[in-house]
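# Examination of the molecular architecture
Okay, here's what each chain looks like letter by letter:
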Number of protein chains: 2
Amino acid sequence: MAEKSPQRRATLRDVARDAGVSVATASKALNGRKEVAEDTRQRVREAAEALRFTPNSVARSLLTRRTGTVGLLTGDLEGRFVIPILMGAEDAFGAGRNNVFLCDARGDSIRERYHLNALLERRVDGIIVVGRQTDPRPSLGQDLPVPVVYAYAPSDDPRDLSLTPDNESGGKIATEHLLSLGRMRIAHITGDPQYVAARDRARGFIGAMRAAGLEPCGQPMFAAWTEQWGRDAAAALFEQYPNVDGVVCGSDQIARGVIDTLRDLGRSVPDDVAIVSHDNWEVLATGSRPTLTSVDANLQDLGRLAARKLFDALSGEDVGSGVHRLPVTLVTRGSSVRSRA
Amino acid sequence: MAEKSPQRRATLRDVARDAGVSVATASKALNGRKEVAEDTRQRVREAAEALRFTPNSVARSLLTRRTGTVGLLTGDLEGRFVIPILMGAEDAFGAGRNNVFLCDARGDSIRERYHLNALLERRVDGIIVVGRQTDPRPSLGQDLPVPVVYAYAPSDDPRDLSLTPDNESGGKIATEHLLSLGRMRIAHITGDPQYVAARDRARGFIGAMRAAGLEPCGQPMFAAWTEQWGRDAAAALFEQYPNVDGVVCGSDQIARGVIDTLRDLGRSVPDDVAIVSHDNWEVLATGSRPTLTSVDANLQDLGRLAARKLFDALSGEDVGSGVHRLPVTLVTRGSSVRSRA
DNA sequence: CTGTTAGCGCATTCAT
DNA sequence: ATGAATGCGCTAACAG
């Protein structure tokens with residue numbers, strides 16, 4: 001591994017000394033300020049290079065009262081939805097001079113409080129709170145000294161700014177897609193009814209059906225976000241409604257299960273039954289046979305936007321407030337439209 | 001969202017003033033130093049509370065030359081393997097007073113250099129480099145002023161400390177598991193031969209077969225880490241060797257594909273053919289029918305260990321060097337042993 | 001036990 | 001164009 005440097009790292013003073021100038025001048029030279037002679041600047045640069053000088057941003061922060069850091073407070077990293085958001089945020093920051101502190105509270109509110117405090121002590125310029133469900137979560141409060149943006153899981157306080165995917169619209173476009181393909185006997189199999197996401201999507205589904213003047217085939221079937229439930233639900237569904245020709249699934253896992261059962265039943269996807277699902281989880285959607293048409297929540301964009309909102313806030317603008325529902329997109333694949341192979 | 005605090009945040013001086021003591025005393029009081037009268041301490045605490053004082057760790061860092069931060073430099077966050085490692089590291093740090101800077105270089109070495117520099121400017125106490133493959137990656141160099149640990153992807157410089165899963169042993173225990181079940185006609189279907197991981201596992205497989213005095217059914221089949229390849233390879237395999245009774249798969253995705261084809265062929269898993277795979281990717285392994293027996297790389301442990309090694313280095317110990325191959329574990333499920341349901 | 005003094009490394013006045 | 005001085009907020013050494 002890398003050697004532990006035997007002596008102190010070079011400071012601006014060392015550079016100044018070697019370049020034969022004052023610290024002030026050295027500072028100006030390295031920071032590209034105009035009021036410095038070109039040759040002086042060059043000398044300073046060379047001295048800095050020779051000493052492998054790395055400016056100490058800790059000292060700078062102390063002075064400027066800006067650390068250029070942002071805290072990312074998440075409930076759990078396992079969460080499939082946290083990562084893309086995190087990537088989006090990291091992406092937006094990575095381009096600039098900011099860095100992200102990652103804090104995983106492991107779903108424990110005590111630990112969250114603890115991490116929040118740590119972030120505040122570190123003088124982060126702002127905080128993004130990322131939840132793993134779209135259910136509202138407790139606000140961190142209004143009296144924080146830094147701006148906060150909530151991503152995925154909205155805050156339960158409308159004074160906060162929250163960004164979350166528009167799941168109702170997701171259920172809608174999924175259903176409209178099937179309708180546009182001429183399917184008319186459509187059912188909805190989805191996950192845990194405790195999740196707002198499940199209920200939102202179901203609402204979108206029903207709304208789209210009504211708007212088309214059609215009745216859904218049975219009530220939306222709620223249970224779990226698993227392949228197993230997809231298999232079981234599909235078996236029950238096709239027993240009761242053998243002529244269903246389209247299924248909107250609440251998740252890719254459920255869709256995989258549904259397709260599995262349909263194969264057992266000898267029904268062709270998409271010819272006999274077209275399937276649309278949610279989440280567009282790459283590994284599930286593209287590994288499936290046929291591949292899955294799925295609604296993508298564009299989480300990376302959501303993360304980017306969250307970061308951008310924070311930037312705006314840092315430059316003095318108001319962050320805004322309320323829950324913003326961000327657009328989702330349909331990704332069409334083989335489970336709804338037969339690919340010409 | 002949270003208000004931007006109108007005025008400066010309270011400083012230790014404010015606290016000292018309100019408590020009627022000097023800054024030094026206030027500092028000692030809050031830091032729990034012995035040389036302070038209990039009632040004084042109490043007064044200071046109350047003043048701090050009243051002012052909602054949050055110590056500025058930036059100032060403290062400047063003085064102590066320790067930031068209590070660690071950089072986590074990763075190639076790409078999408079990577080399925082990065083997250084658990086990251087969780088492990090965050091876990092190990094989260095317990096203490098440390099925080100993690102997350103940097104995603106997006107697979108770009110320029111950006112990696114850029115991030116590395118940023119981390120150094122921020123005076124992180126150490127760095128963990130996480131790659132997405134077990135193939136060796138370029139060292140960051142020996143002349144860094146902070147300790148570095150490489151996780152998952154080992155450094156190509158033996159002077160660095162690298163932690164990576166023992167994939168050869170993974171191939172071995174997977175195979176031995178099938179052998180212990182009495183299977184004797186075993187084949188190996190795996191991923192991209194460019195990956196060291198694929199070759200290592202294959203070596204483990206062959207070694208275990210030889211050790212048992214058996215010949216593998218055909219050469220290990222290399223191609224891609226996808227379900228599609230699993231399906232295709234299985235079809236080819238069982239055409240040529242219809243009596244295969246066990247398959248070691250290079251990944252859970254491949255295993256899913258293999259099982260898919262076996263169902264088409266009317267072969268029962270695990271009765272006719274037992275399957276073992278690698279990665280133990282929860283969503284794939286438990287969603288499968290039957291569920292997948294899979295080799296888990298214990299990546300979270302790996303991340304934790306990496307963090308711990310860094311700690312040791314920070315306390316002056318030598319980090320050590322060389323590539324350390326960490327133990328992997330077999331998780332037994334329904335694809336190799338019929339569950340009594 | 002408490003207060004005074006002295007920086008940590010840097011960017012910014014304000015002189016020169 | 002350059003440099004001396006100041007202080008960001010805190011802790012450590014020392015003196016009382």
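Residues numbered from 1 in each chain as written. Chains lettered and ligands numbered in written order. Predicted model: local features only at pLDDT ≥ 70, side-chain atom pairs only at ≥ 80, totals over all residues. Heavy atoms only, no water.

## Things to note about the relation of the copies chain A and chain B
Rules: All copies are superposed by least squares; the fitting set is the C-alpha atoms of residues with a pLDDT of at least 70 in both. Only heavy atoms enter the contact rule, under which two residues are in contact if any of them lie within 4.5 Å.
For these two chains of identical sequence, chain A goes onto chain B by a turn of 180 degrees and a shift of 0.0 Å along the axis, with RMSD 0.0 Å. Both chain copies can therefore be described as sitting about a two-fold axis. In terms of proximity to the rotation axis, the leading residue of chain A is F101 of chain A, whose C-alpha is 2.3 Å off the axis. Same-surface contact between copies: 100% of interface residues of chain A are shared with the interface of chain B.

## Looking at the UniProt feature "domain: HTH lacI-type" (unreviewed entry) in chain A
The cut-off we apply is this: UniProt positions are given in the numbering used here, feature names are shortened, and annotations may be inferred rather than shown by experiment. Counting from the N terminus, the helices are DSSP H or I runs at least four residues long and the strands are E runs at least two residues long.
As annotated in UniProt, the feature "domain: HTH lacI-type" (unreviewed entry) corresponds to residues 10-64 of chain A in the numbering used here. End C-alpha to end C-alpha, residues 10-64 of chain A measures 21 Å, and it is 69% helix and 0% strand.

## Some thoughts on the protein's contact with DNA strand D
For clarity, the threshold we go by: A molecule or strand has a residue near it when one of that residue's heavy atoms lies within 4 Å. In protein, a polar contact means a hydrogen-donor-capable atom and an acceptor-capable atom, both N or O and within 3.5 Å, with residues adjacent in sequence counting only if both atoms are side-chain atoms; elsewhere, any N or O pair within 3.5 Å suffices. For this classification, the nonpolar set comprises Ala, Val, Leu, Ile, Met, Phe, Trp, Tyr, Cys and Pro, the charged set comprises Asp, Glu, Lys and Arg, and every other residue, Gly included, is treated as polar.
K28, T40 and R65 of chain A together with L12 and L63 of chain B are the nearest of the 26 residues found near DNA strand D. Each atom of DNA strand D within 4 Å of the protein was classed as base or backbone; sugar and phosphate made up 67%. One of the side-chain nitrogen or oxygen atoms of S27 of chain B is found 2.8 Å away from a phosphate oxygen of DNA strand D. Take R60 of chain B: an N or O atom from its side chain is 3.0 Å from a phosphate oxygen of DNA strand D. Within the surface near DNA strand D, the residues separate by chemical class into twelve nonpolar, seven polar and seven charged.

## Considerations on the sheet that holds strand β11 (residues 329-331) of chain B
All names here are of chain B. Which entries qualify depends on this criterion: At least two DSSP bridges between two strands are needed for those strands to be called paired. Note on definitions: angles span 0 to 180 degrees between N-to-C directions of axes, and those axes are lines fitted to C-alpha atoms, for helices only across the stretch in contact.
Judged by pairing direction, the sheet is mixed, and its five strands sit side by side in the order β6-β7-β8-β9-β11 without closing on themselves. A strand with exactly one partner marks an edge of an open sheet, and here the two such strands are β6 (186-189) and β11. The mean inter-strand angle of the sheet, taken between neighbouring strand axes irrespective of direction, is 20 degrees. Strand direction decides the pairing type here: strand β7 (residues 246-249) and strand β8 (residues 274-278), joined by three bridges, are parallel. Counted as the bridge partner of V248 is V276 from β8. Across the sheet, helix α8 (residues 196-211) lies against β6, β7 and β8, angled at about 170 degrees from β6, the strand it touches most.

## Section: the packing of helix α1 (residues 12-19) of chain B against helix α3 (residues 38-51) of chain B
Residue and element names in this part refer to chain B. For clarity, the cut-off: Geometric relationships in this document are graded by angle, where less than 35 degrees denotes roughly parallel, more than 145 denotes roughly antiparallel, 65 to 115 denotes roughly perpendicular, and other angles denote oblique. Here a crossing is taken to be left-handed if its near helix is turned anticlockwise relative to the far helix by less than a right angle, and right-handed if that turn runs clockwise.
Two elements in contact, α1 and α3, have axes whose closest approach is 8 Å; the angle formed by their N-to-C orientations is 125 degrees. The orientation of α1 with respect to α3, classified from their angle, is oblique. Along this stretch, α1 crosses α3, giving a crossing that reads as right-handed. Here D14, V15, D18 and A19 of α1 lie close against α3, whose contacting residues are R43, V44, A47, A48 and L51. The residue makeup of the contact of α1 with α3, split by class, is six nonpolar, no polar and three charged.

## So, the domain arrangement of chain A
Residue and element names in this part refer to chain A. Quick note on the threshold: These domain boundaries are the output of an automatic or database domain assignment. Buried area, as used here, totals the accessible surface that two parts lose on assembly, with accessibility defined by a 1.4 Å probe and the loss added over both. One side-chain nitrogen of Lys or Arg within 4 Å of one carboxyl oxygen of Asp or Glu is enough to make a salt bridge.
Domain boundaries in chain A define domain 1 (69-165 + 299-327) and domain 2 (167-297). Relative to domain 2, the C-alpha centre of domain 1 lies at a distance of 31 Å. Taking both partners together, domain 1 and domain 2 bury about 870 Å²; carbon and sulfur atoms supply 46% of that area. Across the domain 1-domain 2 interface, the total number found is zero salt bridges. The tally of links between domain 1 and domain 2 comes to five residue pairs in polar contact (both at pLDDT 80 or more). In terms of residue class, the side of domain 1 that touches domain 2 is built from five nonpolar, two polar and two charged.

## Some thoughts on the interface of chain A and chain B
Counting residues at the interface gives 79 residues for chain A and 79 residues for chain B. Contact between chain A and chain B buries roughly 6800 Å² in total, counting both sides, with carbon and sulfur atoms accounting for 48%. Across the contact surface, chain A and chain B share ten salt bridges. R289 of chain A is the partner of D260 of chain B in a salt bridge, and the nearest nitrogen-oxygen pair spans 3.0 Å. The interface formed by chain A and chain B includes 36 residue pairs in polar contact (both at pLDDT 80 or more). Only α4 (57-64), α5 (82-94), β2 (99-104), α6 (109-121), α9 (227-240), α10 (252-264), α11 (282-287) and α12 (299-314) of chain A provide two or more residues apiece to the side of chain A that touches chain B. A per-element tally of the side of chain A that touches chain B places α6 of chain A first, with seven residues. Residue composition of the side of chain A that touches chain B, by class: 30 nonpolar, 23 polar and 26 charged. Across three bridges, the pairing between β2 of chain A and strand β2 (residues 99-104) of chain B is antiparallel. Residue L102 of chain A lies in a different strand from β2 of chain B, and its bridge partner there is V100 of chain B.

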